[in-house]
Each structure stands twice: as structure tokens, then as C-alpha cells.
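Topology and contacts: notes
Each chain, written out:
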Amino acid sequence: MALSFTSSGGETLVLQSVPVEYANDIEKSMQAVADNINNYKDQTGISARAVVESTGTDAVQAGTTDTTFAINGITIGTVTSSANDSDGALTSAINQVTSSTGVTAAITSSGQLQLTSDGRPIQVSGVGTALTASDASAASTFGHIQLYQRGAYSIDMTDLSSGLAVSFSANLDFTGTMTTTIDSTLATSSVLGAGSTLSAGFTTGAILTDTSLAGDITTTSDSTLKSTTTLATTSVIARDSVFGGSGVSSNQVTSVGDTLLAAGSTLISGSTLAAGTYLTNDISTASGTISAGTTLSAATTTDADTTITNAMLALTGSVLGTGSTFASDSTVGGNVTLASTMTLSQDMSLKSGSTIVDAAGLSLAAGSVIGGAATVAGGDVTMTSSMTVKSGSVLSATSSLATGSTIGGSATLNGAHTTTADLSLSAGTVIADASVLKQGTELTNDIVTTLGTISAGTTLEQDYTTQGSNTLLFAQTVQSGSVLADASVLAANAGGAASTALTEESMNRLVDLSVLTQESAQMAMEIADAALADLSSIRSSVGSTQNQFTSAIAYLTTSKMNLESATSAIMDVDLAEESMVFARMQVLNQSGAFALTQANAISGNVLSLFQGA
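Note that the structure is a prediction, hence the values are computed from the model and not measured.

Cut-off values and rules
Residues numbered from 1 in each chain as written. Predicted model: local features only at pLDDT ≥ 70, side-chain atom pairs only at ≥ 80, totals over all residues. Heavy atoms only, no water. Helix = DSSP H or I, 4+ residues; strand = E, 2+ residues; numbered from the N terminus. Buried < 20%, exposed > 50% of the residue type's maximum accessible area, 1.4 Å probe, protein only. Contact = heavy atoms within 4.5 Å. Pairing = 2+ DSSP bridges. Axes fitted to C-alpha atoms, helices over the stretch in contact; angles between N-to-C directions. Core = buried A, V, L, I, M, F, W, Y, C linked by side-chain atoms within 4.5 Å. Phe/Tyr/Trp six-rings, centres within 6.5 Å; stacked < 30°, edge-to-face > 60°. Polar contact = N/O pair within 3.5 Å; in protein donor to acceptor, adjacent residues only side chain to side chain. Salt bridge = Lys/Arg side-chain N within 4 Å of Asp/Glu carboxyl O.

1. Brief notes about the overall build of the chain
- If you tally the helices and strands in the chain, you get seven helices and 59 strands.
- Taking all 613 residues of the chain together, the buried fraction comes to 40%.
- Of all intrachain contacts in the chain linking residues separated by at least 6 positions in sequence, the fraction that spans at least 24 positions is 78%.

Set out below in C-alpha cells:
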């Protein structure tokens, strides 16, 4: 089993392949798959738990087990049990080897055997008369995986052990006939060989005519006929079918149900409309014309053909004369046998009990769903579109399957085939001698090759050529470019269907906590763990954001201080320097004033001397 997880962001994580098989080996169990998933839970947010338990279908019988009675290959031997194992002999015998098998036994209140494993698969054999065969089947199980997804993330899980059923460089040719045991698909370009028989419910992949069919088709289930289909004369359209084209009746139709006559229909003279019918058209009778809008109080017979211009519902008991015409969308309350061919202008619903007559003019359009069995005659038919083949069909030896087809039954290859894409091989497939398995193939089975046996769980690091016949016990996907040798047998394969899928999904919250059962207690632990993980994640996110804010604040504070310092350096006055300059200028000013005063005084003294002289 190889799984991949894809997150909502598109990132894909591919997990290492784990073989799962009936072996008393924890490394080949669902527990190994769970451990593999848990190794990546920090990346995916998904944890896993293996649940391997089973319960028999019937109560334990008063009887004995065979001497070969074994659990997981560990022989327990003959055990004499009482009804419902009331004396505990069977459960005691199983529990005595628990250390070897990993399986513990108990009895349900209904007396059924209940087995629980430590994760290893449970395989029960040699039940004898103490347990029924259905008990052995129900008690043997691989188990399943419970996935616990933390939070509300969007994650898809894909099983890589799947591929196309048919993907070859040439059409898949097989020897002999192939009887389908499952529904299958013939892709475009597939060939449906002459002599093939198709079970009811098949979908046509090409136009089928009277020359490509052998015999009439009587429908046992409803059919859908696609537009452009032509039904031959004398074909029978069962009651309540919805016409997809204009059809003329070759018989008198007595309605055992209401009949809807669509606009364009013709009600032939001599037809009788049941009491209670509401007229949407004028009709001519022996007593005169009865106008539209009248509700008939008694059964009334027409004496002239009436063309329906407004859809009208003729109630149960009406008798529609031979030659009446039913337009598209009409629904007749009785069987209608066609007086001439009818070509569909739209899809038509053909009810069970109809007969598609194999006669001149028949043409079933591709895509029609035919609710009856048919046999192909007159030559091979090549598909122009996809065709669905139902279980129970037989494909003749001249049939071949194109890439994209699925295999409905066991097919023995006629010649070697090279795969053009990953190919899914179902359990039961036989890989013939000298087949080539391409590098990258993940083995789910032990394969014998020319270089020795390669164990299940191995991813091939080179191409290997098989030796002898290798029968697959488990589904296997082979890589594109692998070669399946002539005479390989391909088991029925629906293709593309993963062997692993999510079957149930539920959302659980803290308010859903319960510890009343082991399963609910496990769920409670997972919910609590998920809540704690979410809380840690939220705290981490808040702490990171807080650190970012703190860093931003410190940076902005430093920037502000630097800006203010720069502004101060540019704009602010140096008081000491300016005080010194002021004092110096003040001294110079005062000195100048004093010098000027002295100069003026000296000039005055000189003038006084001149005057005294």
C-alpha cells in the first residue's frame, strides 16, 4: 500500500510503500501503515491508528475445531467447544498463543467469537464444526486505519496502488471468449466481436443497425434511446414511454393509464376519449363539435381526425384509433406498435417490456442505454465512443480492448503487450514467464525473477524479467513501460479504483469528549492532542507576531532618537559658543564707545587750547 497526501496548497507528500498481507508479521500489517503515516504527522497534521478486529457471523457451535485450526499460521489444533463457548475453552485456547499471534479472543453477548489484534492481520483457518465457514471468513481481516486530522486543513489522501485496467501500446487481444463477471467499459476504438452477447443494460458505443444485431431486443429494464435513433416498423413501445419522435400506431391503443398527447399529435377518427377528459382542442363527434375547455361527462367518440395544437391529457380508458400519431414528448397509457419507422429528434425514455425489432431501418445511436439482451452479428463493431458492458456479457475472441477500457472477466493475452501508463493488475492475475516489470514498480507480492525472488514491499530499482508464472495474491500496479508476456492472464479489473479509500468522515470537537468506550476514549485523546497542538501553534504564532511588534517598536524608537539628534545638530543653538560671541561683541561695542568718547574729549581739549591762545 503506497499513499500520498496532498495539502490545500498543492504540496504532495508520498509515503513509502508498505506491504499488507496475511503474514504473522507486524511489518506487513495495518499497524505498519499507521506507523508510516504517523512518521509524517508533523508535516501533514494527520495521525493514524490501526484497528484490526473482527466478529464471527454466527454463535460458537458445540463441536470441535480441526487439527489444523490456526490463528495467523500458529497452530492451535483440536479444541472442543460448547455452545456459545460457555466454558471458555475456545477463547482460552486462542489466548494461550496471543504472544505469538498478537490476537486475543472474547465472546460477545450473542455468543459470537470476537478477535482483536495488536495490528497484525487476523487469519483464521481449520475451524471444524465449532465455527461455520462464514465465521472463518468474517473473522479473517486486514483491519482498517482510523485517521485523525488536526484542525480544519484540506488534505486529500490517494492510494498509489491503482492504475488503468487497460493501457497498452496496441489493443488488448485475448484468446477465446471472455465472460464478464463485473460491469466493464470498452473505450473508444475497442472492437466488439461478432457473436458477442450483451446483457441487458449495456450502453452502445457505436451505431447498431439491423445488420449488426441478431434478433429482436425485448427490454427487461428501462432504456434511453439517444437522438437520431431510428426504430423499425412493428417495434413495440411499452406504456408510459416518452416519445422522442413522431410515431404512428398500427394498432388500436386502449389506455390503461393516462395518455399525454403532445402538440402535433393526431387523434384518428373513431377514437374514444374517456369521461373526465378535459379538452384543450375542439373535437368533432356525431353529435357535433365539442369546444376546447369542456370536461367530458361521458366517454365520447370522434368522427373526424383531430390534430392536437395544445397538449391534452386523455384519461385512463380512452381508446386511440389505429393510425393515431404521437408527437415528441407524448406519453401513451398503452403499448404502441409502430406502423412505420420512427426517427428520434430527441432522447427517448423506453419502458421495460418494449420490443426493439431487428428489421430494415433500425439504427441505435451511440450512447443509447438498452434495457435488453442483444447479440452482435454480421461482423465486428468498432467503438466510436465509450461503451458500458454489463456483467454476464460474453465477448467473442475477435473482440479487443483499447487503452482506457476495463476488464470485465478473466482475459488471456494473445501476444505480449507493453504498458503505456501505470497498469492495475487485480488479485488472481497471472504474470507469464519472461514478462518485464519496469523500474519504479512497487511490489505487493513476492515475484520470482531471473535474478531471484524479489520480496513484496520492494520498489524496483531496475527492470526485472520474471521467471515462471507469478500468480498475484494481492492487487499490483506495474509502471508504464512494463511488458506482460504472451499467455499472461488478466483478472477482472474495474480499473482506476484505489484499493484504499476513505469510507467514513466525521468532525469532532472538545465538547464531544467521551471516555465511556475504548474507541471514544481514543477519540477523546486524539481531540485533546489536536487541541493542545492547535493551542501550541496559536501560541507560537502569537509569540512570533509579538516579537515582530517588539522588534518594530525598538527599531522605530531608535530611528526617532537618531532623527531628533540629527535635527538638533542642524537646528539647535550652541549656547556656550553664542554666549562667548555675545560677550566678545559686547566688549568690542563698549570699547568702541569708550574710544569714541575719548576721541571726542581730546578733540574738545585741543579746540579749547586754540581758543585760549
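2. Points about the sheet that holds strand β11 (residues 124-125)
- Strand order across the open sheet formed by three strands is β7-β6-β11, with antiparallel pairing between neighbours. Of all strands in the sheet, those bounded by a partner on one side alone are β7 (74-75) and β11.
- Where strand β6 (residues 70-71) meets β11, two bridges bridge the pair, whose relative direction is antiparallel. When the bridges of β11 are listed, Ile71 appears paired with Val124.

3. Considering unusual backbone geometry
- A positive phi is found at Thr234, a non-glycine position, where the angle reads about 75°.
- Along the chain, the position of Thr234 falls in the loop between β23 (230-231) and β24 (236-237).
- Assessed through its relative accessible area of 43%, Thr234 is described here as partly exposed.
- Backbone geometry at Ala487 places phi at a positive 80°, although glycine is not the residue there.
- Summarising the element assignment, Ala487 is placed in the loop between β58 (483-484) and β59 (489-490).

4. Points about the sheet that holds strand β4 (residues 53-59)
- Ordered in space as β4-β10-β9, the three strands form an open sheet in which the pairing is antiparallel. A strand with exactly one partner marks an edge of an open sheet, and here the two such strands are β4 and β9 (103-107). Direction aside, the axes of adjacent strands within the sheet are offset by 20° on average.
- In terms of strand pairing, β4 meets strand β10 (residues 112-117) through four bridges, oriented antiparallel. Across the sheet, residue Glu53 finds its bridge partner in β10, namely Thr116.

5. Here's the deal with the nonpolar core
- Leu172, Leu192, Leu225, Ile356, Leu364, Leu401 and Ile407 are the most contacted members of the largest nonpolar core, which has 66 residues in total.
- Ignoring sequence-local partners within four residues, the contact set of Leu364 consists of Ala206, Ile207, Leu208, Leu213, Ile217, Leu225, Thr229, Leu231, Ile356 and Ile370.
- Among the nonpolar cores identified, the runner-up in size contains 31 residues, and Val33, Ala50, Val79 and Leu131 belong to it.

6. With respect to the environment of Val191
- Looking at where Val191 falls in the secondary structure, it is placed in strand β17 (residues 191-192).
- Val191 sits in the buried class, given a relative accessible area of 15%.
- Sequence spacing of Val191 and Leu395 is 204 residues, and the spatial spacing of their C-alpha atoms is 9.7 Å.
- In contact with Val191, other than residues within four places in its own chain, are Asp380, Val381, Thr382, Thr398, Ser399 and Ser400.

7. Looking at the packing of aromatic side chains
- For the coordinates displayed, the defined rule picks out one aromatic pair.
- Centre to centre, the rings of Phe243 and Phe326 are 5.5 Å apart; their planes meet at 40°, and the pair counts as tilted. Here Phe326 lies in strand β36 (residues 325-326) and Phe243 lies in the loop between β24 and β25 (247-248), a separation of 83 residues in the sequence.
- Overall, the relative accessible area of 1% leaves Phe243 in the buried class.

8. Some thoughts on helix α1 (residues 30-38)
- When α1 is considered as a whole, its buried residues turn out to be Met30, Ala32, Val33, Ala34, Asn36 and Ile37.
- Put simply, Ser29 is the residue that caps the front of α1, since its side-chain oxygen is 3.2 Å from the backbone nitrogen of Gln31.

9. Here we look at the side chain of Thr204
- Along the polypeptide, Thr204 turns up in the loop between β19 (202-203) and β20 (208-209).
- Under the relative-accessibility criterion, Thr204 is labelled buried at 1%.

10. Some thoughts on the pattern of salt bridges
- For the structure on display, the rule yields seven salt bridges.
- Residue Asp347 pairs with Lys226 through a salt bridge whose shortest N-O separation is 3.1 Å. Here Asp347 is found in the loop between β38 (342-343) and β39 (348-350), whereas its partner Lys226 is found in the loop between β22 (223-225) and β23, with 121 residues between them in sequence.

11. Here we look at the side chain of Ser426
- Within the secondary structure layout, Ser426 lies in the loop between β50 (423-425) and β51 (430-431).
- Beyond its immediate stretch of four places on either side in the chain, Ser426 contacts Leu472, Ala475, Ala491, Ala492 and Asn493.

12. A few points about the environment of Thr101
- Of note, Thr101 is situated in helix α4 (residues 98-101).
- By relative accessible area, which is 0% here, Thr101 ends up buried.
- Placed 20 residues apart in sequence, Thr101 and Pro121 show a C-alpha to C-alpha distance of 9.4 Å.
- Ignoring anything within four residues of it in the chain, the contact list for Thr101 reads Asn24, Ile71, Asn72, Ile74 and Arg120.

13. Points about the pairing of strand β3 (residues 46-51)
- Of all six residues in β3, six are buried; the element is thus mostly enclosed.
- With burial as the criterion, each face of β3 is covered, one bearing Ile46, Ala48 and Ala50 and the other bearing Ser47, Arg49 and Val51.
- Two strands pair when backbone bridges link them, and β3 and strand β12 (residues 144-149) are joined in this way by six bridges, in the antiparallel orientation. Bridging across to β12, Ala48 finds its partner in Leu147.

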